[in-house]
Amino acid sequence: MSFLIFFCFSKGAKRYLIFIIRQTMRITIKIGSNVLTRQDGSLDVTRMSALVDQIAELRSQGHEIILVSSGAVASGRSELKHIQHDLDSVDQRQLFSAVGQAKLINRYFELFREYGIPVGQVLTTKENFSDSEHRKNQENCMRVMLENSVLPIVNENDTVSVTELMFTDNDELSGLMAQMTQSQMLIILSNIDGIYTGDPSDPESRLVSIVKPGKDLSDYIQTKKSSAGRGGMQSKSTVATSTAAAGISVIIANGKRDDILLKLMNDRDNTPCTEFLC
Ligand code: GLU
């Protein structure tokens, strides 16, 4: 964890030294497919652009960001709507992700360029986190990007990772990436405010704001999954619990809320979310 220090001097005879100390962090941010896609499946460029604005602001405050972004398969599917013939699920995923990832990274590249932020695409597979030689290469890649202020934009390499080689979903990937990069915080953005005590659509359900270490959430978690992405609240909770146990605080929040990242960093007590303490 590092600190930003500002020095201010008055012009008068007396000189005042004012310190404003702000804690800066390395934060892994995961954006789910449902945050980035509209109801019709197309890429929600307005939302994407708003999230880019916030990430740029966090970087200007001194935070280091690693972005794990889903949305490749969903945006490829909407791009290739004209494909009529049936494809099996592996073919679909490979084809849609190949097309969609190009579209996604191109958008990010253009949006971050407006802020002069260089981005780099990191497509990875599960073996890069287990096999020691591959792991070393993955770690080195992340290190060199961060040391050179390049914003890594990470996704699973869906074109080649199939069946048992796949991550459960990008929630799992984001937890592993947060640990590999020694992030201090993992923020998982989905289209729901966090973990509820029951079905989120039930007015009786309450949002769980804080999860202390060791708390069992199994009675609360809904097994229902979102339409665009692979993950669900079950996987988010599992990843959040194991990542928090590794010493990284984890926040699950709604990426469709305006200015969500800035609010989480500046006014968390008044922002709906579920925070897993470590
Ligand atoms: N890697 C997939 C994509 O970019 C998303 C997987 C997930 O939903 O977690 O479309």
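Note that residues are indexed from 1 along each chain, following the sequence as it is written. In view of the model being predicted, local features appear only for residues whose pLDDT reaches at least 70, and side-chain atom pairs are presented and counted only at 80 or more, with totals across whole chains, interfaces and linings using the full set of residues. Only heavy atoms go into the side-chain values, all of them from the structure, while hydrogens and water stay out.

Peer 1: Looking at this structure, I do not really get the pairing of strand S4 (residues 64-69). What am I missing?
Peer 2: For a regular strand, side-chain orientation follows a simple rule: the groups alternate between the two sheet faces. Accessible area is worked out with a 1.4 Å probe on protein chains only. A residue is then buried under 20% of its type maximum, exposed over 50%, and partly exposed in between. Each helix is a run of DSSP H or I of at least 4 residues and each strand a run of E of at least 2, with the numbering of both proceeding from the N terminus. Within S4, five of the six residues are buried, leaving the element largely enclosed by the surrounding structure. Relative to S4, strand S3 (residues 26-31) runs parallel, the two sharing six bridges. Paired with Ile27 across the strands is Ile65, a residue of S4. Between any two strands, pairing holds if DSSP finds at least two bridges. One ladder, built from two bridges, connects S4 with strand S6 (residues 151-156); its direction is parallel. Looking at S6, one finds that Leu67 is bridged to Ile153.

Peer 1: Just to check I follow, could you spell out the packing of aromatic side chains for this structure?
Peer 2: Two aromatic rings, taken as a pair, are described by how far apart their centres are and by the angle between their planes. A pair of Phe, Tyr and Trp rings is counted when the ring centres sit within 6.5 Å of each other, with Trp represented by its six-membered ring. The angle between the planes then sorts it: under 30 degrees is stacked, over 60 is edge-to-face, the rest tilted. Tallying each qualifying case throughout the model produces two aromatic pairs. With 5.7 Å between their ring centres and 75° between their planes, Phe129 and Phe167 make a pair best called edge-to-face. With Phe129 in the loop between strand S5 (119-124) and helix H5 (132-147) and Phe167 in the loop between S6 and helix H6 (170-180), this residue pair connects regions lying 38 residues apart in the sequence. Residue Phe129 shares its accessibility class with Phe167, and that shared class is buried.

Peer 1: Is there a simple way to think about the site of the ligand in this case?
Peer 2: The near set for a molecule or strand comprises every residue that places at least one heavy atom within 4 Å of it. Near the ligand lie ten residues; those nearest to it are Val73, Asn155, Asp158, Asn170 and Arg230. For the ligand, an oxygen atom lies 3.2 Å from a polar atom in the backbone of Gly71. Residues adjacent in sequence count toward polar contacts only when both atoms are side-chain atoms; beyond that, a polar contact is any pair of N or O atoms within 3.5 Å, and within protein one must be able to donate a hydrogen and the other to accept it. Ala72 is positioned with one of its backbone polar atoms (N or O) 3.0 Å from an oxygen atom of the ligand. Protein contact buries 96% of the 300 Å² of open area that the ligand shows by itself. Each residue gets one label: Ala, Val, Leu, Ile, Met, Phe, Trp, Tyr, Cys and Pro are nonpolar, Asp, Glu, Lys and Arg are charged, and the others, such as Gly, are polar. Partitioned by chemical class, the residues of the shell around the ligand number two nonpolar, five polar and three charged. Surface accessibility in these figures is a Shrake-Rupley result with a 1.4 Å probe; residues are shielded only by whichever protein chains are displayed.

Peer 1: Please explain the sheet that holds S6 as it appears in this structure.
Peer 2: The pairing of strands in a sheet happens through backbone hydrogen bonds and is either parallel or antiparallel. Sheet architecture is open: eight strands sit in the order S5-S6-S4-S3-S7-S9-S10-S8, paired in mixed fashion. Of all the strands in the sheet, the pair left with one neighbour each is S5 and strand S8 (210-211). Bridge analysis of S3 against strand S7 (residues 185-190) gives five bridges, and the strand direction is parallel. Paired with Thr28 across the bridge in S7 is Leu186. Only heavy atoms matter for contacts: two residues are in contact if any of them lie within 4.5 Å across the pair. Every angle, taken between N-to-C directions, lies between 0 and 180 degrees, and every axis is a line fitted to C-alpha atoms, over only the stretch in contact when it is a helix. Taken strand by strand, H5 contacts S3, S4, S5 and S6, and its axis lies near 170° from that of S5.

Peer 1: Quick question: what am I supposed to make of the environment of Thr125 here?
Peer 2: Tracing the chain through its elements places Thr125 in the loop between S5 and H5. Note on Thr125: relative accessible area 13%, which makes it buried. Taking C-alpha positions, Thr125 is 5.9 Å from Asn157, a pair spaced 32 residues apart along the chain. Those residues within four positions of Thr125 in sequence are excluded, and the remaining contacts are Asn157, Val160, Ser161 and Phe167.

Peer 1: Where do I start with the pairing of S5 in this structure?
Peer 2: Where S5 and S6 come together, six bridges link them in parallel fashion. Looking across to S6, one finds that Leu123 is bridged to Asn155. When the strands point away from the viewer and the connection leading from the first strand across the helix to the second strand turns clockwise, the crossover is called right-handed. Traced from S5 through H5 to S6, the parallel crossover comes out right-handed.

Peer 1: What's the story with the packing of helix H2 (residues 45-60) against helix H4 (residues 89-113) in this structure? I'm lost.
Peer 2: Two numbers describe a pair of packed helices, the interaxial angle and the distance between the axes. Here H2 crosses H4 at 50°, and the two axes come no closer than 10 Å. Accordingly, the angle class assigned to the pair H2 and H4 is oblique. Classified by chirality, the crossing of H4 by H2 is right-handed. Packed against H2, whose contacting residues are Val45, Met48, Ser49, Val52 and Ile55, the element H4 presents Leu104, Arg107, Tyr108, Leu111 and Phe112 at the interface. Broken down by class, the residue content of the contact of H2 with H4 amounts to eight nonpolar, one polar and one charged. With respect to orientation, any angle under 35 degrees is reported as roughly parallel, any angle over 145 as roughly antiparallel, any angle of 65 to 115 as roughly perpendicular, and every other angle as oblique. Should the near helix be turned anticlockwise from the far one by less than a right angle, the crossing is termed left-handed; should it be turned clockwise, right-handed.

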